[in-house]
Each structure stands twice: as C-alpha cells, then as structure tokens.
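Working through the structure, step by step
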Amino acid sequence: MSDVGPDTQRRAKSGGLLAKLHKYAYFSTFIYACIIALLATPYIQRHVIYQHAIRIPWGAQFDLPEKYGLAPGKTSNIKLTTSDNVTIGAWFVLAEPVYQARRATASSALEQPSLETVQQALQTRPTVLYLHGQAATRAAPLRVQHYATFSSRLGVNVLVIDYRGFGDSEGTPTEDGLTEDAKAAWRWVIENGAKPEDVILVGHSLGTGVTSRLATWLAREGVKPRGVALLAPFTSLASVVETYDIGGFPILQPLQSFAFGRRLIKKLVRHEFNTLSVINDINVPLFIAHSQNDMDIPHAHSRTLLDILLDPLLPSAPVSLPATPDAILSSEDYATFIEVQKQRRVARSELVRKVEVPTFGTIEEFDGSAGKVVYVETYWGAHNNVGLQEGVQDVLARTFGLDFY
C-alpha cells in the first residue's frame, strides 16, 4: 500500500503540469523571438514586403502579351533603363480608339505596335502610368483586366512596369529603387510625346506608396500630371505591418501591447512608403478608392489620408488631447477642445459633398489646396478588384475629364 496520500499525488500532478506549461511558454517565446529576428533581417523583410519571388504567372512570356488576354497588336513589350542603370520590363497598351483605328486600316495581321505608333498614341490620347502592388508580374490575370478595362472604358493608353526584381526586370527591390523605376517610366512617356497634363498616375496597394513618392517628386520639380489615383492605399508600410498576419495569426500583435514593442516595430521596418507624411505635397487633383470588404488593407487607411487632406481646410485646434493617459486637461482646455471639434465638424460638413449610392457605396468630394479631392468607398471589390468596379472607373473618368464617350 502506497504511503503517498491523495493530496500529495494531486500536488505532484499539478507541479508536472505547471512545469510543462512553463516549458511550452519558454519554447513559444523563443520561437516568437526567432520569427521577429528573421523578419527584421533585410533579406527576409524584403521578400515579405515585396514578395517579388512570387512570379505569377510562372515562366511568363512577356513578349507575347496576347497569351494573357490582350488583343493582337494592341500591346508593345518594352524595356526601360533607370537613372541607376537598371533595366526593367514594361508593357504599353494602346487606348481602344487608337487600337480600333489601327485595326480598321490594317491589311494583314497586326504586329506589336511600333515606337512610331506608340508615340502617336501618347500624343493623341491620355495615358495611365500604372504602378502595381506586391507579388506577381505585369502579366498576372487581375492586372491584365485593369489594363484592358482602362483602355476600353476610359479610352486611355496604359504603361505598366514591373519594378526591379519583379518579372523580367533586373535588380533588387528597395523603396528608393521602386521610386527610380517609376521616374524612369514617367521620363519615357514624356520623352516619347506625352504632355504632363495628359498623364494620370495610378497606383494600387503597394503601388500607391510608389505613386505618392513619384507624385511628390514631380511636385518638387514643378511638374503637374493630370492627376493621381490611389486604389486601396495605406498610410504607411509600418502601419500595415502592425496588422500583418501569417496564416491568420497577427504575428506582431503581442509587441503592440506595450510602448517599447510599438517603437521596436517602427524601428525594424526598413521600408517606409509613408504616404501619410507626403500626401499634402501632391500638387494635382487626387482620387482615392477603397472597398469596405478589403481584408488586406482596411479602408480606415484611406479615411485617415482623407482626414489629413481635410485638416488644413478646417479651423485650427489650439488644444489637443494629451499624448499620455496620465496627463489631464484643465476644465478650460477641455471646453475649448470640445468647442473646436464642434466647429471642425460643421466646417467639414460644409466642405465635403457626399453622395450615397445604395447599391455601390459613398462618394465624397471637396476642393483641396491643390485641386479636387474625390474619395470613393465601395461596399464590394475587396483588395484586388476595387479598381475593376465600373462605378469606380466612372467616377475616376469624371474626376480627370476622360471624355471617351
């Protein structure tokens, strides 16, 4: 008969369970620290952010755009050279009116447009400079749908590039590198006959960060394109990374529970694409579109950008809320704060013209310091299809005066 009583056995089992839980906690913490360390290394972080190694469609034949759905003789496969001597791949898609005129006069099967045809198209129709998001290539199906619909429904030419490290382009992606790629695309359209006022900069997802950097560079140069369109933009890459998940698990969420962790995240992210800090420097009309069911980049990012654009037009706030929970406003400051916020809400309602379309979403518009600002918030479209919504395209066409019809 055992001399060990029931209480002793229970304590032994409890101690064994606690030991296992402690080991599991130590092991999980170690694994988590390793994951954070890996994400902080430049090589891993670059691949996580740009995902340029995912070259969908695999083994793409970029010199055969017809294989991916574009009409025969409508698209030219070209190479651009950046200021830092990197060669990048691109497609130039003719505007539908130019293509149909060419098709009507052709006596034989159309070949890819010649440089002369491209130059004529640039001189006669507006052109969209399209800067795509992370991963895949310019031949990806959803991207091809964008070029095809922009060309046909908006009547514009489309120049789309694959950034360095993407598709058949040389080099390795970096924030400055992608900006140089966008500058090379801009120079190419201008050198081949386009006027700045006939070029619209359109960015999607990661491409909105590149587009914002290109637009602010042009503003510093005193150059004005026709406008800038941001589809599913973000405020900054650091803000997106904060909610980044792996297999549905928000990998950085534990770090955000304390101030040191939040500072660490911002310090470890080496690629900023901080659109929030530069959006007020854009010197041309601005169009933003975002869907409410975007699971990759919440539409709150676009709302924040809109607030920043509106802020200079609203009454200034002499008193702001304390930055830390332990600070307390005086009763006079609090009363002033409440009154100013009321004034700002009234001023905003007077400035912003809002239309609700029950089956589509909302359209908000106001006159910003650099021209018209239009924000479309759709019910549908998720992350990748917001630019394919015909309602979005119609508002974009109206915003930038694309009188195709």
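Structural data are supplied above this passage.
Description of the structure in this document.

Cut-offs used in this document
Residues numbered from 1 in each chain as written. Predicted model: local features only at pLDDT ≥ 70, side-chain atom pairs only at ≥ 80, totals over all residues. Heavy atoms only, no water. Phe/Tyr/Trp six-rings, centres within 6.5 Å; stacked < 30°, edge-to-face > 60°. Helix = DSSP H or I, 4+ residues; strand = E, 2+ residues; numbered from the N terminus. Buried < 20%, exposed > 50% of the residue type's maximum accessible area, 1.4 Å probe, protein only. Salt bridge = Lys/Arg side-chain N within 4 Å of Asp/Glu carboxyl O. Core = buried A, V, L, I, M, F, W, Y, C linked by side-chain atoms within 4.5 Å. Contact = heavy atoms within 4.5 Å. Pairing = 2+ DSSP bridges. 1 Å grid on protein atoms, 1.4 Å probe; cavity = no way out; pocket = protein on both sides within 12 Å on 5 of 7 lines; lining within 4 Å. Points joined across faces, edges and corners; volume = space filled by probe spheres on them. Nonpolar A, V, L, I, M, F, W, Y, C, P; charged D, E, K, R; others polar.

Focus: the packing of aromatic side chains
Evaluated as defined, the whole model comprises nine aromatic pairs. Each ring, one from tryptophan 91 and one from tyrosine 147, has its centre 6.4 Å from the other, and the planes form 90 degrees; the classification is edge-to-face. With tryptophan 91 in strand β2 (residues 87–93) and tyrosine 147 in helix α5 (residues 141–153), this residue pair connects regions lying 56 residues apart in the sequence. Judged by relative accessible area, tryptophan 91 falls into the buried class, the value being 0%. A residue is classified by how much of its surface remains accessible, and tyrosine 147, at 0% relative accessible area, is buried.

A closer look at the pattern of salt bridges
If you walk through the whole model with that rule in mind, you get 20 salt bridges. Of the charged contacts, one joins arginine 153 and glutamate 390 as a salt bridge, the two residues approaching to 3.6 Å between their closest N and O atoms. Placement of the pair is arginine 153 in helix α5 and glutamate 390 in helix α13 (residues 390–399), with a sequence separation of 237 residues. Aspartate 311 serves as the salt-bridge partner of arginine 344, at 2.5 Å between the closest nitrogen and oxygen. With arginine 344 in helix α12 (residues 331–351) and aspartate 311 in the loop between α11 (300–310) and α12, the pair connects residues that are 33 residues apart, well separated along the chain. Relative accessible area serves as the criterion here: at 15%, arginine 344 is assigned to the buried category. Owing to a relative accessible area of 36%, aspartate 311 belongs among the partly exposed residues under this scheme.

Observations concerning the nonpolar core
Ranked by size, the top nonpolar core spans 56 residues in total, and within it Leu159, Trp188, Leu201 and Leu214 carry the most contacts. With residues near it in sequence (within four places) discarded, leucine 201 still touches Leu129, Trp186, Thr211, Leu214, Ala215, Leu218, Pro225, Gly227, Val228 and Ala229. In terms of nonpolar packing, the next biggest core, distinct from the first, is built from 34 residues, Val128, Leu154, Ile200 and Val395 among them.

Some words on the pairing of strand β12 (residues 371–378)
The element β12 is extensively covered by neighbouring structure, given that six of its eight residues are classed as buried. Sheet topology places strand β11 (residues 361–368) next to β12; eight bridges connect them, and they run antiparallel. Bridging across to β12, threonine 362 finds its partner in glutamate 377. Hairpin remark: β11 followed by β12, antiparallel, with two residues in the connecting loop.

Structural notes on empty space enclosed by the protein
Counted according to the given criterion, the structure contains one cavity of 30 Å³ or more. Estimates place the volume of the largest cavity at around 120 Å³. If you go around the largest cavity, you meet 14 residues; those closest to its centre are Ile282, Leu309, Ser369, Ala370 and Val373. Listing elements by their share of the lining of the largest cavity, those giving two or more residues are β11 and β12. Across the lining of the largest cavity, the residue classes tally to nine nonpolar, four polar and one charged.

Nothing here speaks to function; it is geometry throughout.
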